[in-house]
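Structural overview
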Amino acid sequence: MKLLDYIPQRDGYGQGLLELCAQRQDVVVLDADVAASTRTNWVRDQYPKEFYNVGISEQDLVGTAAGMALGGLIPYVSTYGVFLSGRAFDQMRTTVCYNNLKVRFGGAHAGISVGPDGATHQALEDLALARVLPHMTVLAPCDSEETRKAVVAAVDIDGPVYFRFGREAVPVITDAQTPFQLGKARLVRPGTDCAVFACGAMVYEAMEAAQALAQEGVSLQVVDLHTIKPIDQAAIRAAAETCGAIVTAEEHQLHAGLFSAVAEVVVQQCPVPMESVSVPDCFGQSGPPEALMDHYGLNAKGILAAVGRVLARKG
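Strand order in this open sheet of five strands is 9-11-10-13-14, and the pairing throughout is mixed. Only two strands of the sheet have a single neighbouring strand rather than two, namely strand 9 (186-189) and strand 14 (274-279). Mean inter-strand twist for the sheet, computed between neighbouring axes without regard to direction, equals 25 degrees. The sheet strands contacting helix 10 (residues 233-243) are strand 10 (194-198), strand 11 (220-224) and strand 13 (246-253), and the helix crosses strand 10 at an angle near 155 degrees.

Shown next as structure tokens:
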């Protein structure tokens, strides 16, 4: 595999916002006093009239954004995903989603890779909380470039949107020419023995696992499932029919995240053995990001183990 650049996904979030502010008069950006962390400080510095800092007040952040949306604006609200989906869940549910408002939620610093900040700051439940809400579109892009594309592409969606992206620099595995379509899974690598549906930083890890398995004669299909909701049912069904076994890989709790979303389709349309690479129903710990990812098996090694388990069940 070629040498890759490592760039934080939040850089792509900030770049996407800059593009929108340059192109449109109806986009505004709100932040909860973490602008440097979410890269919304780039908007603050270049487009100060479109930037609002509501302070460390996530419920006010969402409520203010709802009012702006009712006034015809398209607000992008930005803060740590664990606080946005947790502290402001009622406002997201009742004020925004119930009224189907065009508010975009930027859930930054998601996953276990927040590292030393520990369990209180590691959003491991946000996909579950976001995807259960009616009207909500849920996106978990794989790198900074795909995050940028998602931010820009989502501006005209009717209804609310939740973006999930991490803090740490991750390999850039897409470019400006890489196809990206909301609601459409991206086939990264074809395969016939097993399919891995991954989101976020786990897409790269799945690519690494596929390359290792190819040396052993195992054909691993890799799919970037950047849109968690609405999910690409056709892609899941096709993978199940072709491969007969599926692994999901996510930097999230086992329950109610990517695994659950894919399993809901599989069990209804094409039942096959499934395994999950995820955090096993526990809170995270404080430590270096790479060490935590390895501890919970959220890497190529963990995917290889899951593929081995599911192939044994496949027979």
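That was the structure; now back to the text.
Attention shifts here to the sheet that holds strand 5 (residues 104-108). In spatial order, the strands read 3-2-4-5-7-6-12; together these seven strands make up an open sheet with mixed pairing. Taken across any chain shown, the strands that pair with only one partner, and hence form the sheet edges, are strand 3 (51-53) and strand 12 (227-229). Adjacent strand axes in the sheet meet at a mean angle of 20 degrees when their direction is disregarded. The sheet contact formed by strand 2 (residues 27-31) and strand 3 spans three bridges and is parallel. Each bridged residue has a counterpart across the sheet, and for Asp31 the counterpart in strand 3 is Asn53.

Our next topic: the nonpolar core. Phe105, Phe197, Ile246 and Val262 are the most contacted members of the largest nonpolar core, which totals 47 residues. Mapped onto this core, the elements with two or more residues apiece are strand 2, helix 4 (58-70), helix 6 (89-97), helix 7 (126-131), strand 10, helix 10 and helix 11 (258-269). With residues near it in sequence (within four places) discarded, Phe105 still touches Val62, Val77, Leu84, Met92, Val96, Met136, Pro160, Val161, Tyr162 and Phe163. Counting 33 residues, the second largest nonpolar core, distinct from the first, contains Ile173, Tyr204, Ala245 and Ile303.

Basis of the calculations
Residues numbered from 1 in each chain as written. Predicted model: local features only at pLDDT ≥ 70, side-chain atom pairs only at ≥ 80, totals over all residues. Heavy atoms only, no water. Pairing = 2+ DSSP bridges. Helix = DSSP H or I, 4+ residues; strand = E, 2+ residues; numbered from the N terminus. Axes fitted to C-alpha atoms, helices over the stretch in contact; angles between N-to-C directions. Contact = heavy atoms within 4.5 Å. Core = buried A, V, L, I, M, F, W, Y, C linked by side-chain atoms within 4.5 Å. Buried < 20%, exposed > 50% of the residue type's maximum accessible area, 1.4 Å probe, protein only.

Coordinates in, geometry out; function isn't part of it.
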